[in-house]
Amino acid sequence: MPDPQPLSNRQRKILERQAERNREMAAAKRADTRTPFREAELQFLSRQPQPDFSLALDFRQPSEKLLQDPKIRKVQLKKRMGEFSELFGVKDREQDAGLEDKEAEEDGREYAYFHSDHPGLIYIPFGFSPSAQRKLIRACLKEYSRHPNKSNLDTHYNVPDCGVWDLHERVANGSLSLENDKDEAFVPRKAKADEQANGYGSDDDDDDSDNGSGDQSTKNKDRPTEKEPRPTKKAKSATKTPSVRTLVPETDQTPTVPEDVPKTDPEPSSQVPILPPSQLIKKMRWITLGYQYHWPSKTYHFDQNAPFPKELCVLSKAVVEAVESVAGPGSPWHYPAEEFVAEAGVVNYYQLKDRLMGHVDRSELNKDAPLVSFSFGHSCIYLLGGPTRETAPTPVLLQSGDILVMTGPCRAAFHGVPRIIENTLPSYLQAQSDDPEWDIYAEYLSEARINLNIRQVYPPKKNESTSSSSSTLASLSS
Ligand SMILES: O=C(O)CCC(=O)C(=O)O
């Protein structure tokens, strides 16, 4: 047999796209299987009829009501969050216009909640004061979204080091003009016009058409585990490249890809739209902190460790300390705060129609350290399930300023965000008459939710001796 002819670049790309489509179709089929987790997702995705949001567990409801549920246990934190770290701020009704009564506790105490169906879930409502929330929201949008942290936009755009938010602010305050400073104001595509005839941009505004619309699967084209391809739009999606976070939806058995598998990045698309910064910023779906994450393979780039924001190291350690104050030595959920090191994080930026489908976070080599998660902006429905999609999840209402900790078995539980709830932005995050600089953030938040989650990647004793080589990693993970 003669040797086969080498494939041209074009042929190779066509084959790759074909294979990708096949994988998507298979994934769509799998995702259609109606597990209890999937059922719950569909229930909360539905726009017609609207779901009953009151079915979600609200840890902020009055204790008398909340504790009628025998599965809930309330434990007083040893100190208030603001005493674990001043970065949580002090909740003060006098200072913080818009702070609801229930957010400034009558008795001055703060609590953590446990749920017997979800061992290892620790929930701390009202973790942050309004001004502490505003500070972190500013950082999420302006600072953390800059290089060297990567964002979904980096796949397709040559994002400048100042970041898209900075451009957005400069256009808004008039120091950059969309007409006169075009080259600076509009972020260019990476791909040249004739390189690839597909992309993600063009379907961004089409989502009102389907039930459960606005899925992050079409909006966030870069988180593969949560992508739920929509077979009804098959013809349409066939003309587009599913991007990094759209590859293979996670099944209950999905293993983490071995570290030695090469981490290839998706092709930049020549079809993504060139947008003014005010619109491009709304396309930002995630950024990664610390060890940069490679979404397609679900592994860390252990050789790409961006400096971790100091305040997030302090905040996450303080949360682990607060947890230790209610789950100390002897508790199955005890993790010594002194051993906790913030090493990786994700900031998720949700527009109102976005969603994050069920998945498990299992890429960290340290599976014992708690995952610390902060919510800001609009409330959402968070589904917390069990070790497989066969466990019916508990819908939880996550509200701005709440802290959720996943440890123990809960660390390996399926979870997702099927719904951002409209009209739930607290008034203290809306425009403030005494702080005009907040206006641009308020405008962004009027249609957004931000989640910031922080993880420890390595086992504690190895922290000092970690290196970027795969052999070290292999020995750590074995
Ligand atoms: O948005 C959230 O609250 C959850 C985010 C999440 O599950 C993730 O980033 O893996």
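Only a predicted model underlies this, so the values are computations on that prediction, with no experimental measurement involved.

1. Quick look at the UniProt feature "binding site: Fe cation" (unreviewed entry) in the protein
Here comes step 1: Mapped onto this numbering, the UniProt entry gives "binding site: Fe cation" (unreviewed entry) at His359, Asp361 and His415. Across 57 residues in sequence, these annotated residues keep their C-alpha atoms within 8.9 Å of one another, forming a single compact spot.
Here comes step 2: A residue is classified by how much of its surface remains accessible, and Asp361, at 13% relative accessible area, is buried.
Here comes step 3: Among residues more than four places away in sequence, those in contact with Asp361 are Leu371, Arg411, His415 and Arg455.
Here comes step 4: Tracing the backbone through its elements, the reader meets His415 in strand E13 (residues 415-420).
Here comes step 5: The class for His415 is buried, based on a relative accessible area of 6%.
Here comes step 6: Every residue in contact with His415, bar those within four places of it in the chain, is listed here: Phe37, Met357, Gly358, His359, Val360, Asp361, Tyr382, Leu383, Leu384 and Met406.

2. Overview of the sheet that holds E13
Here comes step 1: Spatial ordering of the open sheet is given by E8-E13-E10-E11, a layout of four strands whose pairing is antiparallel. Strands with a single pairing partner mark the edges of an open sheet, and in this sheet they are strand E8 (356-359) and strand E11 (394-398). Neighbour-to-neighbour, the strand axes of this sheet turn through a mean angle of 25 degrees, independent of strand direction.
Here comes step 2: Docked against the sheet, helix H2 (residues 36-45) engages E8, strand E10 (380-384), E11 and E13, running at close to 15 degrees with respect to E13.

3. Describing H2
Here comes step 1: Among all positions in H2, only Phe37, Arg38, Ala40, Glu41, Phe44 and Leu45 are buried. End-on, the buried residues of H2 take up no more than an arc of 160 degrees, which puts them together on one face.

4. A word on the pattern of salt bridges
Where side chains of opposite charge bring their charged atoms close, a pairing between them can arise.
Here comes step 1: Scanning the model with the defined rule gives 18 salt bridges in all.
Here comes step 2: One salt bridge in this structure joins Arg138 and Asp435, with 2.9 Å as the shortest N-O distance. Of this pair, Arg138 sits in helix H5 (residues 130-143) while Asp435 sits in the loop between E13 and helix H13 (439-445), placing them 297 residues apart in sequence.
Here comes step 3: Between Glu184 and Arg170 there is a salt bridge, with the nearest N and O atoms lying 2.4 Å from each other. Residue Glu184 is located in helix H8 (residues 182-185), and its partner Arg170 is located in helix H7 (residues 164-172); the two are separated by 14 residues in the primary sequence.
Here comes step 4: Given a relative accessible area of 42%, Glu184 falls into the partly exposed group.
Here comes step 5: For Arg170, a relative accessible area of 21% corresponds to the partly exposed category.

5. Let's talk about the pairing of E13
Here comes step 1: Counting buried residues along E13, six of its six residues qualify, which places the element largely inside the surrounding structure.
Here comes step 2: Pairing of E8 with E13, which is carried by two bridges, proceeds in the antiparallel orientation. Bridge pairing links Leu356 to Val417 in E13.
Here comes step 3: Pairing between E10 and E13: four bridges, direction antiparallel. Along E13, the bridge assignment pairs Leu384 with His415.

6. Details of unusual backbone geometry
Here comes step 1: Backbone torsion omega between Gln48 and Pro49 reads 5 degrees, so that peptide bond is classified as cis.
Here comes step 2: Mapping Pro49 onto the fold places it in the loop between H2 and helix H3 (63-66).
Here comes step 3: In this chain, His147 is followed by Pro148 through a cis amide linkage whose omega measures 5 degrees.
Here comes step 4: Tracing the chain through its elements places Pro148 in the loop between H5 and strand E4 (150-151).
Here comes step 5: The backbone phi angle of Phe126 is positive, close to 50 degrees, even though this residue is not glycine.
Here comes step 6: By the secondary structure assignment, Phe126 is in the loop between strand E3 (121-124) and H5.

7. Brief notes about the site of the ligand
Here comes step 1: Around the ligand, the structure places 13 residues, and the nearest of them are Asn348, Tyr350, His359, His415 and Arg449.
Here comes step 2: Within the side chain of His415, an N or O atom sits 3.0 Å from an oxygen atom of the ligand.
Here comes step 3: Note that an oxygen atom of the ligand is positioned 3.1 Å from one of the side-chain N or O atoms of Asn453.
Here comes step 4: In the complex, 98% of the free accessible area of the ligand, which totals 300 Å², lies under the protein chains.
Here comes step 5: For the shell around the ligand, the elements supplying multiple residues, two or more each, are strand E7 (344-351), E8, E13 and strand E14 (448-455).
Here comes step 6: Top contributing element to the shell around the ligand by residue count: E14, with four residues.
Here comes step 7: Partitioned by chemical class, the residues of the shell around the ligand number four nonpolar, five polar and four charged.

Definitions and limits used
Residues numbered from 1 in each chain as written. Predicted model: local features only at pLDDT ≥ 70, side-chain atom pairs only at ≥ 80, totals over all residues. Heavy atoms only, no water. UniProt positions renumbered as here; feature names shortened; annotations may be inferred. Buried < 20%, exposed > 50% of the residue type's maximum accessible area, 1.4 Å probe, protein only. Contact = heavy atoms within 4.5 Å. Helix = DSSP H or I, 4+ residues; strand = E, 2+ residues; numbered from the N terminus. Pairing = 2+ DSSP bridges. Axes fitted to C-alpha atoms, helices over the stretch in contact; angles between N-to-C directions. Arc of directions from axis to C-beta. Salt bridge = Lys/Arg side-chain N within 4 Å of Asp/Glu carboxyl O. Near = heavy atom within 4 Å. Polar contact = N/O pair within 3.5 Å; in protein donor to acceptor, adjacent residues only side chain to side chain. Areas by Shrake-Rupley, 256 points an atom, 1.4 Å probe, with all protein chains shown as cover. Nonpolar A, V, L, I, M, F, W, Y, C, P; charged D, E, K, R; others polar.

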